[in-house]
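Structural description and commentary
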Amino acid sequence: IAATSAIIPFYYYMGMDGVLPAILAVFFVNLAVVIIFSGRNFKICFSFNHEVLASGFPLLKLGFALMLTNLLDNGVQMLVQSGLNRVGGLNLVGLFRTNVVITSMFTGFFLSSISTDYYPRLAGIFNDNKKRLDSVRRQSEFLMMIVPPALVAMMFALPVITPLLLSREFLDVVPFTRIALVGVLFSSVHLPFTYSSLAAGDTRHFFVLNAVQSIDLFLVLLGYNWCGLAGMGVMLLASNILDFASSLFLARVRYGITMSLRMKVLFACQMLALLLSLGAVYIFIGPLKWLSGVLILSVSVIVSLKYNKYENTAVGGI
């Protein structure tokens with residue numbers, strides 16, 4: 001709220017020239033809010049003592065790894081967009097960016113919550129093997145319960161939502177975004193596993209993992225050359241599957257973290273619901289399509305509720 005209030009005057013009085021000062025204002029406002037609220041529990045002080053500086057070195061390494069990861073990710077996206085501009089023009093780049101925005105509405109929200117709540121919790125208990133395994137599994141289970149119903153609903157609602165949020169000119173994004181939405185489930189499930197190396201302070205493996213997961217975005221260019229927009233959607237899905245496999249592989253080999261059998265069953269059920277919704281939007285038309293959407297969404301929600309009830313019962317029994 002504070003950041004929004006700070007940037008409105010820049011855009012109102014300066015128009016496009018207010019973009020840069022607005023961005024800077026957001027950073028300073030966020031910094032001020034953090035200092036104010038953190039200062040209630042931790043006194044703000046500065047020290048250049050050698051021991052104090054040395055104690056912050058691991059955090060500095062972590063921040064440097066995150067910075068490099070973000071730079072690499074943004075760099076790959078810029079190169080992919082440059083490639084798409086060469087083969088399809090700015091219109092194709094706009095469609096690709098629109099797809100990123102739509103799919104990021106899910107992953108961005110959960111990534112934010114994971115980084116502010118789940119990651120500190122995991123880092124605090126990471127040396128306890130049992131608690132570590134339980135924490136990663138439960139976070140992944142939670143995402144598998146809440147993300148799929150939203151994806152099923154989005155699968156059917158995209159033609160309605162896209163003109164409302166953007167304009168009818170962006171309706172071309174709907175077909176390949178529907179395919180990419182299947183990949184969002186893979187992306188959401190592997191996020192808790194990806195944070196394992198970060199919680200362990202293993203910045204090298206975290207950077208390598210994220211580098212591999214960023215570079216596979218180049219598959220989008222191959223997909224467009226292969227089958228146009230549909231090929232882009234398929235390759236976005238393939239990219240998320242590769243990210244999913246690499247995160248689970250590293251978590252298993254380095255930290256002994258795996259998916260339980262119940263998690264695999266839940267994932268299979270939710271994936272089936274998502275694939276059925278993808279097929280239904282192309283097979284059925286009119287009221288029959290919306291009826292199938294309601295039924296599939298209901299099944300996905302029931303699966304989540306039943307699994308959650310089972311988990312709570314199991315925990316209570318323990």
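Conventions and cut-offs
- Residues numbered from 1 in each chain as written.
- Predicted model: local features only at pLDDT ≥ 70, side-chain atom pairs only at ≥ 80, totals over all residues.
- Heavy atoms only, no water.
- Helix = DSSP H or I, 4+ residues; strand = E, 2+ residues; numbered from the N terminus.
- Phe/Tyr/Trp six-rings, centres within 6.5 Å; stacked < 30°, edge-to-face > 60°.
- Buried < 20%, exposed > 50% of the residue type's maximum accessible area, 1.4 Å probe, protein only.
- Salt bridge = Lys/Arg side-chain N within 4 Å of Asp/Glu carboxyl O.
- Axes fitted to C-alpha atoms, helices over the stretch in contact; angles between N-to-C directions.
- Parallel < 35°, antiparallel > 145°, perpendicular 65-115°, else oblique.
- Left-handed = near helix turned anticlockwise from the far one by under 90°.
- Contact = heavy atoms within 4.5 Å.
- Nonpolar A, V, L, I, M, F, W, Y, C, P; charged D, E, K, R; others polar.
- Expected span 1.5 Å × (residues − 1).
- Arc of directions from axis to C-beta.
- Lys, Arg positive; Asp, Glu negative; His and termini not counted.

We now examine the environment of Val 173. Along the polypeptide, Val 173 turns up in helix α6 (residues 173–199). A C-alpha to C-alpha distance of 29 Å links Val 173 and Tyr 11, two positions 162 residues apart in sequence.

On to the packing of aromatic side chains, then. Each pair of aromatic rings is reported with the distance of its centres and the angle of its planes. Here the structure, examined in full by the defined rule, presents four aromatic pairs. A centroid spacing of 5.5 Å and a plane angle of 10° characterise the contact between Phe 244 and Phe 267, whose relative ring orientation is stacked. One end of the pair, Phe 244, is in helix α8 (residues 219–255); the other, Phe 267, is in helix α9 (residues 261–283), with 23 residues separating them in the sequence. Using a relative accessible area of 13% as the deciding quantity, one classes Phe 267 as buried.

Turning next to the pattern of salt bridges. It is possible for side chains of opposite charge to pair when their charged atoms get near one another. Under the definition given, this model contains two salt bridges. Across the pair Arg 138 and Asp 134 runs a salt bridge whose closest N-O atoms are separated by 3.2 Å. Residue Arg 138 and its partner Asp 134 are both found in helix α5 (residues 129–165); the two are separated by four residues, about one turn of the helix. Across the pair Arg 254 and Asp 202 runs a salt bridge whose closest N-O atoms are separated by 2.7 Å. Taken together, the positions of Arg 254 in helix α8 and Asp 202 in the loop between α6 and α7 (203–215) put the pair 52 residues apart, joining distant regions of the chain. Overall, the relative accessible area of 44% leaves Arg 254 in the partly exposed class. On the basis of relative accessible area, Asp 202 is assigned to the buried category, the value being 12%.

For any two helices packed against each other, the geometry is given by the interaxial angle and the distance between the axes. Look at helix α1 (residues 2–14) against helix α2 (residues 19–38): their axes get within 9 Å of each other, and the N-to-C directions meet at 160°. Our classification of the angle between α1 and α2 gives roughly antiparallel. The way α1 lies across α2 gives a crossing that is right-handed. For the pair formed by α1 and α2, the contact residues are Ala 2, Ala 3, Ala 6, Ile 7, Phe 10, Tyr 11 and Met 14 on the first element and Val 19, Pro 21, Ala 22, Ala 25, Val 26, Val 29, Asn 30 and Val 33 on the second. Split by residue class, the contact of α1 with α2 holds 14 nonpolar, one polar and no charged.

Turning our attention to α2. The terminal C-alpha atoms of α2, which comprises 20 residues, lie 29 Å apart, in line with the 28 Å expected from a rise of 1.5 Å per residue. Three or more residues of α2 are buried, namely Ala 22, Ala 25 and Val 29. Taken down its axis, α2 places every buried residue within 55° of arc, on the same side. With respect to the buried face of α2, the exposed residues turned more than 90 degrees away are Leu 20, Phe 27 and Phe 28.

Attention now goes to the side chain of Arg 178. For Arg 178, the location among the structural elements is in helix α6. Although Arg 178 is buried, it forms no salt bridge, and the closest oppositely charged side chain is Asp 172 at an N-O distance of 11 Å. Residue contacts for Arg 178: discarding those within four places in its chain leaves Met 155, Phe 156, Leu 158, Pro 159, Leu 278, Val 281 and Tyr 282.

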